[in-house]
Amino acid sequence: QVQLVESGGGLVQAGGSLRLSCAASERTFSNYAMGWFRQAPGKEREFVAAISWSGGTTYYKDSVKGRFTISRDNAKNTVYLQMNSLKPEDTAVYYCAARQGGSSWLDHLYDHWGQGTQVTVSS
């Protein structure tokens, strides 16, 4: 139902920063919990961060805690992932996802997915 479009990926040097955006076409965006996932070459898709529909609860993969921040602006129907202190191991295609329910690290619980945006961190 909801259409998601990611943007903001690119090539950055280790230690640099990027901000990813995910724009939703659904006017009831505020009712959806949102998540960010990523998939690196040769690896399975993994959870990165999630935020509740109200924005009051967030979850992060341990390896990105203190470096990444997920946020949302329901008035703009947009979720963000601010990525600081990037490392080469952060290189992956990043996907945003949405679900009607509580935020979760389980990707199969998400009903809607964007097309992804490439993040490449050089060493």
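Nothing here was measured: the structure is a model prediction, and the numbers come from that model. Think of each chain on its own: its residues are numbered from 1, step by step along the sequence as written. Only residues with pLDDT of at least 70 get local features here, since the model is predicted, and only at 80 or more are side-chain atom pairs given and counted; chain-wide, interface and lining totals rely on the full set of residues. Each side-chain value is worked out from all heavy atoms of the structure, with water and hydrogens disregarded.

### Considerations on the state of the cysteines
Criterion for a disulfide: a pair of cysteine sulfur atoms within 2.5 Å. Under the criterion given, the structure shown has 1 disulfide. At a sulfur-sulfur separation of 1.9 Å, the disulfide partner of Cys-22 is Cys-96. Residues Cys-22 and Cys-96 share a disulfide whose torsion about the S-S bond is about 50°; that sign makes it right-handed. Of the two residues, Cys-22 is situated in strand 3 (residues 18-24) and Cys-96 in strand 9 (residues 92-99); the sequence distance between them amounts to 74 residues. One exposure class covers both Cys-22 and Cys-96, and it is buried. Secondary structure counts use DSSP, requiring at least four H or I residues in a row for a helix and at least two E residues in a row for a strand, with both numbered from the N terminus. Per-residue accessibility, obtained with a 1.4 Å probe over protein chains only, is compared with the maximum for each type, and a residue is labelled buried under 20%, exposed over 50%, and partly exposed between these values.

### Describing the sheet that holds strand 1 (residues 4-7)
One requirement defines pairing of two strands: DSSP has to find at least two bridges between them. Spatial ordering of the open sheet is given by 1-3-8-7, a layout of 4 strands whose pairing is antiparallel. Of all the strands in the sheet, just strand 1 and strand 7 (68-73) have a single pairing partner and so form its edges. Between one strand axis and the next, the sheet turns by 15° as a mean value, whatever way the strands run. The pairing of strand 1 with strand 3 spans 4 bridges and is classified as antiparallel. Its bridge partner lying in strand 3, Val-5 is registered against Ala-23. Lines fitted to C-alpha atoms define the axes, with helix axes restricted to the stretch in contact, and inter-axis angles between N-to-C directions lie between 0 and 180 degrees.

### Considerations on the pattern of salt bridges
Whenever a carboxyl oxygen of Asp or Glu lies within 4 Å of a side-chain nitrogen of Lys or Arg, that contact is scored as a salt bridge. Scanning all chains against the criterion turns up 7 salt bridges. Ionic pairing is found between Glu-46 and Lys-61, a salt bridge with its closest N-O pair at 3.4 Å. Of the two residues, Glu-46 is situated in strand 5 (residues 46-51) and Lys-61 in the loop between strand 6 (58-60) and strand 7; the sequence distance between them amounts to 15 residues. What makes Glu-46 buried here is its relative accessible area of 18%. Using a relative accessible area of 26% as the deciding quantity, one classes Lys-61 as partly exposed. Residue Asp-73 is joined to Lys-76 by a salt bridge in which the shortest nitrogen-to-oxygen separation is 3.2 Å.

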